[in-house]
Amino acid sequence: MEIERHDYDVVVIGAGGAGLRAAIEARQQGKRTAIVCKSLFGKAHTVMAEGGAAAAMGNVNSDDNWMVHFRDTMRGGKFLNNWRMAELHAKEAPDRVWELEAWGALFDRTKDGKISQRNFGGHEYPRLAHVGDRTGLELIRTLQQRVVALQQEDYETHGDYEAYIKVFAECTVTRLLKDGDAISGAFGYWRETGNLIVFDAPTVVLATGGIGKSYVVTSNSWEYTGDGHALALLAGAKLINMEFIQFHPTGMVWPPSVRGILVTESVRGDGGVLRNSEGKRFMFDYIPEVFKDKYATSEEEADRWYTDQANNRRPPELLPRDEVARAINSEVKAGRGSPQGGVFLDVSTRLPAEEIKRRLPSMHHQFKELADVDITTEPMQVGPTCHYIMGGVEVDADTGAAAVPGLFAAGEVSGGMHGSNRLGGNSLSDLLVFGRRAGLGASDYINGLKVRPKVSEASVESARKEALAPLERTGENPYEVHQELQRSMNDLVGIIRKAGEISEALEVIEKLKERVQLVGAAGNRIYNPGWHLALDLRNMLLVSECVAKAALLREESRGGHTRDDFPVMAADWRRKLLVCSTTDGSGVTVVEQAQPEMRQDLFDLFDRGELKKYLTEEEMDR
Amino acid sequence: MSYKAKFRVWRGEGGEGKLEDFTVEVNEGEVVLDIIHRLQATQAPDLAVRWNCKAGKCGSCSMEINGKPRLGCMTRMSTFTEEEVITVTPMRTFPVIKDLVCDVSFNYQKAREVPSFTPPKDVRPGEYRMKQVDVERSQEFRKCIECFMCNNVCHVIRDHEENKAAFSGPRFLMRIAELDMHPYDVADRQVSAQEDHGLGYCNITKCCTEVCPEHIKITDNALIPMKERVVDRKYDPLVWLGNKIFKRSSS
């Protein structure tokens, strides 16, 4: 069968916030841009984001500015963040949010007509631009509609909507193609027809999101199979920080079929509290040493904070996500959990019913429809769920460029920005800031290119063979391999880890790698989910191996990596990044790499007493 | 708690197909989409179904369950009796690609025909000032998750392929209303709603509102006010009515 061919300047893989923002930028720079996505246009996982986009606009508290946001982000990531990314992010987020408004987004408003901002875990001031609890939907719809606006412009000029920007929906990329060291295109298949497709393009922007589908309990959708992480690895790029996975503290725990679905942090930001089976607000018992002076020590003080933030400290329910997730985990383990294995999250006794429905409409709807729970009259039951991977493609902070020339990455698939733990609300702003920068980076790279790299027929042929292989086999059902991987990662490389269990997971992964070589997909090429899953398994296994191997090496506990056998955060480890790479895809190598030192002017933004908690003495002597 | 349910699922591709019978396990708290997934994992690995978030937020898993447009992820099995045969078919208004998956490109094409948000030229990003009460009207419509069930159920196009060219369906008429009610939009949308997007075809039977999983009052809050704005624009109701009748008879 003939393979469809397309010529583009920039191929963006993924149509969530980062991908769409990158594509918009590339098109605005005059580049012919393809957006390739596994779902329909406008359905990507960004749609699930609830709370908001963090940007220090200072609309609600005028004391807020980029420096405060920068500090909060570094603290949240336990200082493992790429400081340059955290700096750019804090500085540029407000412009990116305002730009959305000029493209038609309708955020909730303050009394004086500005964009309203809400409180969130780890953020010192109300900082999240939001629309009720459906901010992700607003963001993706606005970007989708901006793409359409650009297409309409192109129609006016060229008589063709798709002259400069085209969406290839329900299309999966399985290999990046290279000419020597540099990117020359991408290979994939149409989900709908099973037909194969090749993009000839000097740049690829990865914006594929995360890896949650390697876990059983996750807030992530089926698309999150680590495609971009794996594509980058296989193309010769490097992944960093793969051991850091964010378990969101509040996922639904019941009914079983929706276990893991997200319950927004806004519930706590707007006054919701966590209680155990004894009715105790247990978070007061879990304030870690490094945050002792920033969080309230009594319920009275915590409650006063909602109305008077200047004179009171924050409630401990609003600690960074890693702290809250571990606390819930400990309460459940200690036998103080709720009947269905979580803890209670209660907003019903904290806000009037009407106010809950206005501020948290999706949550009200979700619990009513899926669990028969009315959150205005009774508490929710919640527990940790695999939510976000901090690790990803190692990129240049300013341009999003990966180690492979022509390869760029933005959003969750890139690594560094969030360090060991991401603050809520920093994801939507990350998408916008670095999506734009990656689109710009790709455009600049093309402008400097002397010769356009070529796609080799040999690489297309080997990609074709790899893609069609599962259809030609009659082996094991891919769903079984997937389920075993999910159970193993969940049980053995989950929220609390120890050496023995991680090693066990690595043994399982080795066995699954062999089984994957044999899985077969019944049926033909037309919209065949079994075949699609068989191909996704390669990616999930590669990424799981990265997570497990890095988790085994990092002998400390920090952010989204908690080792039962090394419970303490170690300053020496803060200076080290773990870098994953592969030569031929058969296995992953992990090596240590020094973390670049923070620039002096950023260093000086912190109180030395605070830095001492994280940095080595040698680093303090600078 | 678990039991065996009887499912009849549409299987087929390329314009042909039939209902296939399955007996499948159902556990407490599950939704129809869970059962479809169980069929994939145990009996029919190539059964095609679109889905994504599984939480009623993305609008991918639209299907017809016992003839009613529903999101598979938000239809709990406990709403049926254990004896009931549950029939699952693809949306009827759009061509079937395979099994439960439809070609919904009609919707994307119509989306592209609605002129985009048009702010005044002299307002820069960051300068927008709007009252909450003024954005709430459009915000309701922006809750739309584009499941396209309103367009699927709308009788103007449900069994009338011939109307598709002239009618954008509730989803995109609501999009026009959303922009028309946006405090900063300056484009003229009222004549176009009527003449280019077929607002006149809507005779407010409210089927769209009934199936909306986001409970948006599409008819009452978007379509009827939009019709009123069109009338106001055209000054004379008789002229408007004449145009409407003319347009209908010529379609």
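Rules used throughout
- Residues numbered from 1 in each chain as written.
- Chains lettered and ligands numbered in written order.
- Predicted model: local features only at pLDDT ≥ 70, side-chain atom pairs only at ≥ 80, totals over all residues.
- Heavy atoms only, no water.
- Helix = DSSP H or I, 4+ residues; strand = E, 2+ residues; numbered from the N terminus.
- Rg over C-alpha atoms; globule rule 2.2 N^0.38 Å.
- Areas by Shrake-Rupley, 256 points an atom, 1.4 Å probe, with all protein chains shown as cover.
- Lys, Arg positive; Asp, Glu negative; His and termini not counted.
- Charge placed at Lys NZ, Arg CZ, Asp CG, Glu CD.
- Domains from an automatic or database assignment.
- Contact = heavy atoms within 4.5 Å.
- Buried area = accessible area lost by both parts, 1.4 Å probe.
- Salt bridge = Lys/Arg side-chain N within 4 Å of Asp/Glu carboxyl O.
- Polar contact = N/O pair within 3.5 Å; in protein donor to acceptor, adjacent residues only side chain to side chain.
- Nonpolar A, V, L, I, M, F, W, Y, C, P; charged D, E, K, R; others polar.
- Expected span 1.5 Å × (residues − 1).
- Buried < 20%, exposed > 50% of the residue type's maximum accessible area, 1.4 Å probe, protein only.

A word on the overall build of chain A. Each helix and strand counted, chain A has 19 helices and 21 strands in total. Relative to a compact globule of 622 residues, whose C-alpha radius of gyration would be 25 Å, chain A shows 23 Å and is just as compact. Overall, the C-alpha framework of chain A stretches about 70 × 60 × 55 Å when taken along its three principal axes. Looking at chain A as shown, the accessible area adds up to about 20,100 Å², and 48% of this sits on carbon and sulfur atoms. Across chain A, the centroid of the 75 positively charged side chains sits 1 Å from that of the 91 negatively charged ones.

Residues and elements named next belong to chain B. Partitioning chain B into domains gives domain 1 (3-102) and domain 2 (105-250). Of note, the centres of domain 1 and domain 2, computed from C-alpha atoms alone, are 30 Å apart. With 14 residues of domain 1 at the contact, the number on the domain 2 side is 17 residues. Summed over both sides, the interface between domain 1 and domain 2 buries roughly 1,200 Å², with carbon and sulfur atoms accounting for 53% of that surface. When residues of domain 1 are sorted by the area they lose upon contact with domain 2, Pro69, Thr93 and Phe94 head the list and together hold 46% of the total. Viewed at the interface, domain 2 and domain 1 are joined by two salt bridges. Close ionic contact of Arg158 with Glu64 constitutes a salt bridge, the shortest N to O distance being 2.9 Å. At the junction of domain 1 with domain 2, the criterion picks out seven residue pairs in polar contact (both at pLDDT 80 or more). Mapped by element, the contributors of at least two residues to the side of domain 1 that touches domain 2 are β3 (62-65) and β4 (68-71). No other element matches the three residues that β4 contributes to the side of domain 1 that touches domain 2. Taken together, the residues of the side of domain 1 that touches domain 2 break down into five nonpolar, five polar and four charged.

With that settled, the discussion passes to helix α1 (residues 17-28) of chain A. Residue and element names in this part refer to chain A. With twelve residues, α1 should cover 16 Å at 1.5 Å per step; its first-to-last C-alpha distance of 16 Å lies within 8% of that length. For α1, the full list of buried residues reads Gly17, Ala18, Gly19, Leu20, Arg21, Ala22, Ala23, Ile24, Glu25, Ala26 and Arg27. Backbone geometry just downstream of α1 places Gly30 in the positive-phi region, at approximately 85°.

A word on the interface of chain A and chain B. The partner chain B presents 61 residues to the 65 residues of chain A that form the contact. When chain A packs against chain B, the two sides together hide about 5,300 Å² of surface, and 52% of this comes from carbon and sulfur. When the buried area of chain A at its contact with chain B is split by residue, Lys43(A), Leu106(A) and Tyr527(A) rank highest and sum to 13% of it. Applying the counting rule to chain A against chain B returns six salt bridges. Ionic pairing is found between Glu162(A) and Arg112(B), a salt bridge with its closest N-O pair at 3.3 Å. In terms of residue count, helix α4 (residues 135-158) of chain A provides more of the side of chain A that touches chain B than any other element does, ten residues in total. Residues that form the side of chain A that touches chain B fall into these classes: 29 nonpolar, 18 polar and 18 charged.

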